[in-house]
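Listed below, chain by chain, are the residues.
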Amino acid sequence: MKKILVTEDNELNLKLFVDILKYQNYDVDVATDGVIAYEKIKKNSYDLIILDIQLPKMDGFSMLKKLQEENFALPPVIIASACVMDVDKIRAKQFNVSAYITKPIDINLFIKTVKQTII
Amino acid sequence: MHSVLIRSLNLIDRYINETEAKDSDFYESCLLLLSSLFDEVSVAIYFLEDCEYCLKTALKNSKQVQGYELSNCEIAEFLKTEKKYKILKTKKDKFLNNNTLITKLAIRDSVFGFLIVSINDDFNNETVQSLVTLSNVISYKIKDYELSEVFKLQLKAMQDAVLDKQKAYEIIKKQHKKLQEIDKTKNLFLANISHDLRTPLNAIIGFSQALDSKIFGELNEKQAEYIKDIQISGLHLLGMINEILDISKLEAHVMKYTPTELSAKQVIQEAINVLEPLYTNKDINVKFNCEFDGLIKADYQKFQQILFNLLSNAIKFTHKNGKIVITSASDKKNYILKIQDNGIGIEKKNHSKIFKKFVHLDNVYTKNSTGLGLTITKELVKLHNGKITLESELNKGTTFTLEFKNLIV
């Protein structure tokens, strides 16, 4: 079973992602802030990370930057964020993320993107 | 007497130069100096604007002779008007007891005052001539002085104006900077609010979509209907959030424009297909007149947004069983797009209003709208180097015409 880490600080959005992904038969782990996410990513091995940008303690981009500086081999990352400004999308591109989905997500598109990204 | 005159002129000259700053003392200084040149002299300068009876006579006479000795009667007359003298060096009776000579103060032939000198000697020809010359010189000095005062005032006014201008410029610069800051704050605020509104919308739309797609099981008829209603309202709300964000992006000039080569026909057909549920719901007949079947270079998303906005407006403001015609054509190098409906129309007086922000016209149903749609459309058309115009008549319908230069590949 493929393992996915969902980072999301909003309780209901987290529930939505987890429920949908579990229903698609994925093993789902969660992180509700940037620091927890960072530690979990370093400790465990995931097949995919669903990453929010605005997170408590450490934002998504800072976390990616930190891991990149440590030369950590990241699994594929899908950003799911309510940040829709072009600057955020451009920044995401610099981190080589697999996809950038804006909230509110279309769940069909979300499931499709996850399926395509996870190997 | 001549040496006295020369000495006095030199003194006056020097005195004027040295005392230029002490404005109010000027006339007094002049007279003080004059009086110091003669023993037992009384001097007065009488300006014409204050002229009274006795001096009118003096004026008449002084035109004939350059210097004129006042009679005691005349002296008495003008002493009555004492208050109007610029200065009187000695007591009044000195004028009565002494011989008094009056000379005019004039530039060319225009008399502006009199110099009145009284001495305890007789006036001889030489003294009179000297005093006449002296009064001529004083005339020029006074006028020079007055002119220089005028110039000083003008210069000061000019300097003040320059300073004011500088000050105004500084204020405007400060205000401009402040406005820029406010604008930046506003855009940041809008970006944040957009983020904060999207977050709960994600759950609303997401959960209702999850239920609607029945991945967690079947719904009964009413549940399915309601969940669709929630979704529609959520998407509606999202549309409004996007409009607010778009206008702030457009105003901040940070709207990205990424043109690619597109088939005009295909983009339009796509928009028509997406909006099909809306117009079939109202039994509106939509006709696509495709006279141009080539490529255009446009930003796909933004061009589509233009079409969505204009088409959904046309659907919104057209009655049941109405008609909408979309025409895609080219005119030489220009690409022309027309969206014509036979809906409620817009009064002529409102034609210029509708592209403005937050405008809702009274006669139309505009609930659930930000009033930004056409403003954004106009800006997006501009982004494509195009212009949008409309023809419309109340209760007859509306035609929006979009004309783009250099859009055709």
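Cut-offs and rules
- Residues numbered from 1 in each chain as written.
- Chains lettered and ligands numbered in written order.
- Predicted model: local features only at pLDDT ≥ 70, side-chain atom pairs only at ≥ 80, totals over all residues.
- Heavy atoms only, no water.
- Buried < 20%, exposed > 50% of the residue type's maximum accessible area, 1.4 Å probe, protein only.
- Helix = DSSP H or I, 4+ residues; strand = E, 2+ residues; numbered from the N terminus.
- Arc of directions from axis to C-beta.
- Contact = heavy atoms within 4.5 Å.
- Phe/Tyr/Trp six-rings, centres within 6.5 Å; stacked < 30°, edge-to-face > 60°.
- Lys NZ or Arg CZ within 6 Å of the ring centre and 35° of its normal.
- Buried area = accessible area lost by both parts, 1.4 Å probe.
- Salt bridge = Lys/Arg side-chain N within 4 Å of Asp/Glu carboxyl O.
- Nonpolar A, V, L, I, M, F, W, Y, C, P; charged D, E, K, R; others polar.

### What about helix α4 (residues 86-94) of chain A?
Residues and elements named next belong to chain A. Regarding α4, the residues found buried are Asp86, Asp88 and Ala92. One face of α4 carries all of its buried residues, which in axial projection span an arc of 160 degrees. What points out from α4, more than 90 degrees from its buried face, is the exposed set Val87, Lys93 and Gln94. A positive phi of about 60 degrees marks Asn96, the residue just after α4.

### A few points about the environment of Leu201 of chain B
Considering the arrangement of structural elements, one finds Leu201 of chain B in helix α6 (residues 125-212). Residue classification places Leu201 of chain B among the buried residues on the basis of a relative accessible area of 2%. Separated by 37 residues in the primary sequence, Leu201 of chain B and Leu238 of chain B have C-alpha atoms spaced 7.6 Å apart. Non-local contacts of Leu201 of chain B, meaning those with residues more than four positions away in its chain, are made with Pro104 of chain A together with Gly206, Gly234, Leu237, Leu238 and Ile241 of chain B.

### Description of the packing of aromatic side chains
The final tally for this structure, using the stated rule, is 7 aromatic pairs over all chains. Both rings, one in Phe303 of chain B and one in Phe404 of chain B, keep their centres 5.9 Å apart while their planes meet at 50 degrees; by these two values the pair is tilted. With a gap of 101 residues between them, Phe303 of chain B in helix α10 (residues 300-316) and Phe404 of chain B in strand β11 (residues 397-404) connect regions that are remote in the sequence. Taken individually, Phe303 of chain B and Phe404 of chain B each receive the classification buried, so the pair is uniform in this respect. Taken together through their ring pairs, the aromatic side chains of Phe292, Phe303, Tyr335 and Phe404 of chain B make up a single cluster. Directly above the aromatic system of Tyr38 of chain A lies the positively charged group of Lys66 of chain A, at a separation of 4.4 Å from the ring centroid.

### Some points on the interface of chain B and chain A
With 21 residues of chain B at the interface, the matching set in chain A holds 20 residues. Three residues, His195, Asn202 and Phe207 of chain B, lead the burial of chain B against chain A; their summed loss comes to 30% of the area buried on that side. For the interface between chain B and chain A, the tally reads 0 salt bridges. By residue number, the principal contributor to the side of chain B that touches chain A is α6 of chain B, which donates 13 residues. Among the residues making up the side of chain B that touches chain A, the classes are represented as 11 nonpolar, 7 polar and 3 charged.

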